Every structure is written in structure tokens, then in C-alpha cells.
Amino acid sequence: SNKIIEVENLQTAFMAEKGELISVDEVTFHLEPGETIGIVGESGCGKSVTSLSIMRLLGKNGYIKNGSVKMNGKELNKLTEAEMRQVRGNQISMIFQEPMTSLNPVYTIGNQMMEGIKLHLKMSTKDASAYAFDMLKQVKIPRPEEVMNEYPHALSGGMRQRVMIAMALSCKPKLLIADEPTTALDVTIQAQILELMKELREESDTAIMLITHDLGVIAEMADKVLVMYAGQVVEEADVFTLFDEPRHPYTKGLIESIPHLEYEEHKRLYSIPGMVPTLQQMPKGCRFHTRCPYATEKCLHEKPPLSSINKGKIHKVRCWLVEEEEHLTKTKSIEEV
Ligand code: SF4
Ligand code: MG
């Protein structure tokens, strides 16, 4: 198959004082070269833990409890830590919301870029320096020769994010994981960074896993989308279907709360009432029932499955209401015949 990454039934847990907490539950998706999946949801829904599970960067209390993560058909869970480090440097790169935390403040931009390049691409110092310079030019950093000698704190947030992207892409990863890559940036810079990611995606066919709470960013970048709530996928669809025919009440709530430009002064038109439940207090039945305007008795007690609702394309929803609606339309169309 042509799949860069295949995640199947991923379940990630953390060991806490009072026992095991499941943070990500039954997450499944795959990516082909050049494809972008958007993973959207409020914070605390398991988006970042999903990506850290793939990278195997869960810290000492976190572990993959079930499921599989394959890269080019190879199971990542079975690699040794040393092999995994190779994968992280060469095949998967990550960029985060706040590049300052991943840039080392005591090294110049040039030095830290060259360090990674020398390590992963086995280049000489001279070649690595030329390559780093080239990468800075590619991400459209003005005066790259000067920036090579700057320290991270001397750069603006947007410039730092460009440096991070240059570093992430310098090893030509097959998969780029971008976790809220533009959240800390103002709107203009955000648009430039997204544009840059698109260009680089086209040039190198990198698959992108884009994690964000911002559906505007999803609409701009993603081919397909997973909507996550409380550690689970509640809706999966291609980006057009998701915006045109959202079915899960949570997805609908997220779409309704997208700020519209013309209403910017009023900030949010709508926001979903209530909060994402904590892992310690996961609701029984449907995990969204505490915030759902359509919740019924059944929702309080029975877990809805993630069901396919469209035979022609991928569209999956985890909701009893949708199950019923689908059942109704099916019986109707049979009666009509
Ligand atoms: Fe709402 Fe029930 Fe659907 Fe959950 S299963 S989203 S509570 S209608
Ligand atoms: Mg996060």
C-alpha cells in the first residue's frame, strides 16, 4: 500500500495515582504521501496525545495500551528507543505552537539547524551550513545570512516558527506533525505560515498531521478531518463533507462557533456550553451527553459506536441520534420502493 502512516485502534493510557487513565481511545486513520489530516477538538480531547503516541514521546507515565502505529508498513511500537530516535529525526518531524520551547536559547539558529542536519543527514559542517542557509531561504526568511548568527530570542514569533519549519523539513520527513503551528501568531503571519506549509507539502509530498482547535485552519489545509472529543473520534469525513454536512452535535457546535470576519468585534457568536470532561470524570454512555442539547436517556447509559453513514465515501459519526436518523431514512426509502 501507499500508506505513510497507519494508526489502528490506538489506545493510550497514563498511570496516575489512583490508577490507569485512558487518554486516547480507539483512534484509527491513515495518511498517503502529500495528504493532510486535520485533527480538531477543544484542548483536552486527546489530539496532542495522539501525536505524541505516534512519536512515542509520552513521558514515563504514558504508554500505548492497545492498537498499532505503522510507518511504511513497519510497526513503530516494536522499535527500540534507538531505532525510534532515528525515525523521529529522519521520517517524522514535529512543529509546535510555541517554537521558543523547542529552540535552544543558547545556540544560534545556524548552529542548532546544523546540528540536526549533521546528525541525520551525515553531512560535513561546511555542507550542513550551506544546507541550513538554503532551508532558511526556502521558508522565506529575509536576510538568512544574518539570521544564521542570531539567537532565538532575537527573532519574532513568526520568524521563529519559520525556523522551526525549516528545521522540521530539513531532514525531508515523510510525515510532519504540526500541533497548533499557528495558534500563537497573528492572522497575517498565520496565513503566511499555512501558505508556506502548503508549498512545502507540494514540493516534497510530505504527509501532514495537523492538530488544531481552529476549524478555519482545517478548512484551509486539510483533505480529511477527525473530530475528537474526550479522547475519541466522534466524526470523520473529508473536509468538504465535514463543513457541508456535519452530523455530530459536537462538530456542529464547533462549526457554529467559528468566528466570522464580519462579526469579529462580537468575538464568538456561539460557544458550546460546558467543558470537556476530565479523564478522572469521564461520563458514562456518550461522553458528550453532559453538553449535548439532544441527549436522551439512552445517551446517558449506552456508548454510541463510530458508524459509517455513507457507503460512497468515508463519513463516520459516533452518535445515537444520527444512528436513528439514518435508520429512519433507510426505512423510509424502503417504504417508498
Ligand atoms: Fe448527543 Fe446523544 Fe448524540 Fe451523544 S449520542 S452526541 S448525547 S445525541
Ligand atoms: Mg494540545
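Rules used throughout
Residues numbered from 1 in each chain as written. Chains lettered and ligands numbered in written order. Predicted model: local features only at pLDDT ≥ 70, side-chain atom pairs only at ≥ 80, totals over all residues. Helix = DSSP H or I, 4+ residues; strand = E, 2+ residues; numbered from the N terminus. Rg over C-alpha atoms; globule rule 2.2 N^0.38 Å. Buried ≥ 20, exposed ≤ 12 C-beta atoms within 10 Å, placed from the backbone. Pairing = 2+ DSSP bridges. Domains from an automatic or database assignment. Contact = placed C-beta atoms within 7 Å. Nonpolar A, V, L, I, M, F, W, Y, C, P; charged D, E, K, R; others polar. Core = buried A, V, L, I, M, F, W, Y, C linked by C-beta atoms within 7 Å. Near = placed C-beta within 6 Å.

Student: Break down the overall build of the protein for me, with residues and values.
Tutor: Within the protein, the regular secondary structure consists of 13 helices and 12 strands. Computed over the C-alpha atoms, the radius of gyration of the protein is 21 Å, within 12% of the 20 Å expected from 2.2 N^0.38 for a compact globule of 337 residues. With the principal axes as the frame, the protein shows a C-alpha extent of 75 × 50 × 45 Å. For the protein, buried positions account for 36% of its 337 residues.

Student: Which residues make up the sheet that holds strand 2 (residues 19-31), and what are the values?
Tutor: Across the sheet, 4 strands lie side by side as 2-1-4-5; this open sheet has antiparallel pairing. Edge positions in the sheet fall to strand 2 and strand 5 (74-75), since each has one partner strand and no second. Alignment of strand 4 (residues 62-71) against strand 5, held across 2 bridges, turns out to be antiparallel. Counted as the bridge partner of K70 is E75 from strand 5.

Student: Which residues make up the domain arrangement of the protein, and what are the values?
Tutor: Segmentation of the protein into domains returns domain 1 (5-91 + 173-336) and domain 2 (98-172). Domain 1 and domain 2 are separated by 30 Å when their C-alpha centres are compared. Counting residues at the interface gives 13 residues for domain 1, matched by 14 residues for domain 2. At the level of secondary structure, the elements contributing two or more residues to the side of domain 1 that touches domain 2 comprise helix 2 (81-90) and helix 8 (187-204). Looking at the side of domain 1 that touches domain 2, the element that brings in the most residues is helix 8, giving 6 residues. Residue composition of the side of domain 1 that touches domain 2, by class: 10 nonpolar, 3 polar and no charged.

Student: I'd like a description of the nonpolar core, backed by residues and values.
Tutor: A166, L175, M209, L210 and V227 are the most contacted members of the largest nonpolar core, which totals 75 residues. Broken down by element, the residue count for this core peaks at 8 residues, all from helix 7 (residues 157-170). Counting residues domain by domain, this core receives three or more from each of domain 1 (5-91 + 173-336) and domain 2 (98-172).

Student: Give me the lowdown on the environment of A219, citing residues and values where you can.
Tutor: By secondary structure assignment, the location of A219 is in helix 9 (residues 215-221). For A219, a count of 16 C-beta atoms within 10 Å puts it in the partly exposed group. For the pair formed by A219 and F243, sequence separation is 24 residues and the distance between their alpha carbons is 8.1 Å. Filtering out sequence-adjacent residues up to four positions away, A219 remains in contact with V239 and F243.

Student: Describe the site of ligand 1, and please don't skip the residues or the numbers.
Tutor: Residues in close proximity to ligand 1 include P249, C286, F288, H289, C292, Y294, A295, C299, P304, C319, W320 and L321, which together make up its full environment. Of the residues that constitute the shell around ligand 1, the class distribution is 11 nonpolar, 1 polar and no charged.

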